[in-house]
Amino acid sequence: MKDVITIDGPSGAGKGTVSRLLAGKLGYKYLDTGALYRAVAWKARAEGVGPDNEEGLKKMMDNINISFNGDRIYVDGTDVTSGIRTKEIGEMSSRFSAEPVVRSGLFSIQRELCIQGKAVIEGRDTGTTIFPESENKFYLDAGLEERARRRHEELKDKDPAIRLETTLEDIKKRDARDSSRETSPLKKTEDMVYIDSTSLSVDEVVEKIMSYLRL
Ligand code: DC
């Protein structure tokens, strides 16, 4: 499969910005799979379901309705686009994403949204688990400090008191959890093109990816 492009990598590597721009250039659709995990965390919080409550989570996953309209994301009809972009939901989504029942619930949603092709899909396991058959897989990385700086820029609009040091510690924790979980951990595989974006501009990263594409 050539026309589903997968981009995986840790928090703050620039996957979102790069994938959106790349999709725009190619005329492809763009799927931010992290937003799906954040949507699940948002609903779990609203319903008071904890990550250890397997039965409650299963029930919730059987009934959840996540939809998109352009750049907006909805959970059961409620627009959560802004509500899922908080530090708290980021942290919660990382915990919920380690639960197999959550991952299997989101698996088919991700496949269905992109299976017709012409899509850029980004996350932690898009090239290993969701579209392992893709022939255009990328792993986008950046140094820890730079990733923390980027994430901090995003978060400080909502929470001006947030400190860079705290963001860096949070990112470290999330890296460890996302890479060490048993089900579909974040992993770079041999068939992925590795790109370090630490000192590259967004346009340079997009250009680099375009130069490797086999369409
Ligand atoms: O990319 P993000 O920060 O929006 O992702 C939120 C969390 O969701 C992240 O900590 C790990 C999880 N996630 C995942 O496990 N698998 C994906 N494909 C995407 C995100």
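Scroll up a little and you will see the structure.
Residues numbered from 1 in each chain as written. Predicted model: local features only at pLDDT ≥ 70, side-chain atom pairs only at ≥ 80, totals over all residues. Heavy atoms only, no water.

Our focus in this paragraph is the site of the ligand. In the vicinity of the ligand, 16 residues are found, and the nearest of them are Arg38, Arg103, Arg124, Arg174 and Arg181. Take Arg38: an N or O atom from its side chain is 2.7 Å from an oxygen atom of the ligand. Take Asp178: an N or O atom from its side chain is 3.0 Å from an oxygen atom of the ligand. Its free accessible area being 450 Å², the ligand has 98% of it covered by the protein chains. Secondary-structure elements contributing two or more residues to the shell around the ligand are helix H2 (33-47), helix H4 (87-96) and helix H8 (164-180). If you tally residues by element for the shell around the ligand, the top one is H2, at four residues. When grouped by side-chain class, the residues that make up the shell around the ligand number one nonpolar, six polar and nine charged. (Near = heavy atom within 4 Å. Polar contact = N/O pair within 3.5 Å; in protein donor to acceptor, adjacent residues only side chain to side chain. Areas by Shrake-Rupley, 256 points an atom, 1.4 Å probe, with all protein chains shown as cover. Helix = DSSP H or I, 4+ residues; strand = E, 2+ residues; numbered from the N terminus. Nonpolar A, V, L, I, M, F, W, Y, C, P; charged D, E, K, R; others polar.)

A few words now on the packing of aromatic side chains. For the structure shown, the criterion picks out one aromatic pair. On the basis of an interplanar angle of 15° and a centroid distance of 5.9 Å, the ring pair of Tyr139 and Tyr194 is categorised as stacked. Residue Tyr139 is located in strand S7 (residues 136-141), and its partner Tyr194 is located in strand S8 (residues 193-196); the two are separated by 55 residues in the primary sequence. Look at Tyr139 and you get buried, because its relative accessible area is 10%. Classification of Tyr194 by relative accessible area gives partly exposed; the value is 40%. (Phe/Tyr/Trp six-rings, centres within 6.5 Å; stacked < 30°, edge-to-face > 60°. Buried < 20%, exposed > 50% of the residue type's maximum accessible area, 1.4 Å probe, protein only.)

On to the pattern of salt bridges, then. In total, this model carries 21 salt bridges according to the counting rule given. In this structure, Arg85 engages Asp32 in a salt bridge whose closest nitrogen and oxygen atoms are separated by 2.9 Å. Pair noted here: Arg85 is in the loop between strand S5 (78-79) and H4 and Asp32 is in strand S2 (residues 29-32), with a separation of 53 residues, a long-range link. For Asp32, a relative accessible area of 15% puts it in the buried group. A salt bridge links Arg151 to Glu154; the nearest nitrogen and oxygen atoms lie 3.2 Å apart. Of this pair, Arg151 and Glu154 both sit in helix H7 (residues 144-156), three residues apart, roughly one helical turn. A relative accessible area of 52% places Glu154 in the exposed class. Bridged by salt links that share partners, the residues Lys43, Glu47 and Asp76 form one connected network. (Salt bridge = Lys/Arg side-chain N within 4 Å of Asp/Glu carboxyl O.)

A positive phi angle, close to 45°, is found at Asp76, a residue other than glycine. Summarising the element assignment, Asp76 is placed in the loop between strand S4 (72-75) and S5. Unusually for a residue other than glycine, Lys118 sits at a positive phi of about 50°. Tracing the backbone shows Lys118 in the loop between helix H5 (100-114) and strand S6 (119-123).

Moving on: the nonpolar core. Formed by 24 residues in total, the largest nonpolar core has its most connected members in Val40, Ile66, Val102 and Leu106. Broken down by secondary-structure element, the contributors of at least two residues to this core are H2, helix H3 (54-63), S4, H4 and H5. Per-element accounting of this core gives the leading share, eight residues, to H2. Within the second largest apolar cluster, 15 residues are counted, among which are Ala13, Leu22, Val206 and Leu213. (Core = buried A, V, L, I, M, F, W, Y, C linked by side-chain atoms within 4.5 Å.)

What follows deals with the sheet that holds S2. Strand order in the open sheet made by the five strands is S2-S6-S1-S7-S8, with parallel pairing throughout. Only two strands of the sheet have a single partner each, and these edge strands are S2 and S8. Within this sheet the neighbouring strands show an average axis-to-axis angle of 20°, counted without direction. With four bridges joining them, strand S1 (residues 4-8) and S7 adopt parallel strand pairing. The residue of S7 that forms the bridge with Thr6 is Lys137. Along the sheet, helix H1 (residues 15-26) makes contact with S1, S2, S6 and S7, crossing S6 at roughly 175°. (Pairing = 2+ DSSP bridges. Axes fitted to C-alpha atoms, helices over the stretch in contact; angles between N-to-C directions. Contact = heavy atoms within 4.5 Å.)

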